[in-house]
Amino acid sequence: MKLAIHDVECCETFQTHEELLKIVHAQMPDEDELYDLAELFKVFGDSTRIRILYVLFEAEVCVCDLAQALSMTQSAVSHQLKILKQAKLVKSRREGKSVFYSLADGHVRTIIAQGREHINE
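Before going into details, it helps to say that this report is about the structure given with it. (Residues numbered from 1 in each chain as written. Predicted model: local features only at pLDDT ≥ 70, side-chain atom pairs only at ≥ 80, totals over all residues. Heavy atoms only, no water.)

## Considerations on the packing of aromatic side chains
Right, so step 1: Here the structure, examined in full by the defined rule, presents two aromatic pairs.
Right, so step 2: Aromatic pair Phe-41 and Phe-44: ring centres 6.3 Å apart, planes at 45°, arrangement tilted.
Right, so step 3: Accessibility expressed as a relative area gives 48% for Phe-41, which makes it partly exposed.
Right, so step 4: On the basis of relative accessibility, which here comes to 14%, the residue Phe-44 falls in the buried class. (Phe/Tyr/Trp six-rings, centres within 6.5 Å; stacked < 30°, edge-to-face > 60°. Buried < 20%, exposed > 50% of the residue type's maximum accessible area, 1.4 Å probe, protein only.)

## A word on the side chain of Thr-48
Right, so step 1: With respect to the helices, strands and loops of the structure, Thr-48 is situated in helix H3 (residues 47-58).
Right, so step 2: Setting aside its immediate chain neighbours within four residues, Thr-48 contacts Met-72 and Gln-80. (Helix = DSSP H or I, 4+ residues; strand = E, 2+ residues; numbered from the N terminus. Contact = heavy atoms within 4.5 Å.)

## Considering the pairing of strand E3 (residues 98-103)
Successive side chains on a regular strand alternate, one facing one side of the sheet and the next facing the other.
Right, so step 1: Summarising the sheet, strand E1 (residues 61-62) and E3 pair through two bridges and their orientation is antiparallel. The residue bridging Val-61 from the neighbouring strand is Tyr-101, located in E3.
Right, so step 2: Where strand E2 (residues 90-95) meets E3, six bridges bridge the pair, whose relative direction is antiparallel. Across the sheet, residue Glu-95 finds its bridge partner in E3, namely Ser-98.
Right, so step 3: Taking the residues between adjacent antiparallel strands as the criterion, E2 and E3 are bridged by two residues, where Gly-96 takes a positive phi near 65°. (Pairing = 2+ DSSP bridges.)

Here it is as structure tokens:
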């Protein structure tokens, strides 16, 4: 549901609070970091990628197993894994003719857990 601007409370007069703004500006990350953070969160904006991460919460698996677990083609899974790997959310290792994927680190699980906590409040 979209809110019209008159549905959001606003100040009745325009007055800035310079001391507060100084603190905000001092703590604000630079534009490159903000861009990278926004790009990271975009990766979480796809339910297929979230499903892949949930499989990887349980075990290190190969592309074939992921495709089977998610009822997807290996090509479709590989495409999503590439995005997750570029975002440094998953890592891979080769064993013979198979490539196994796992979570890159514990932060991935924490991000998902905090997101679930937030939507369930």
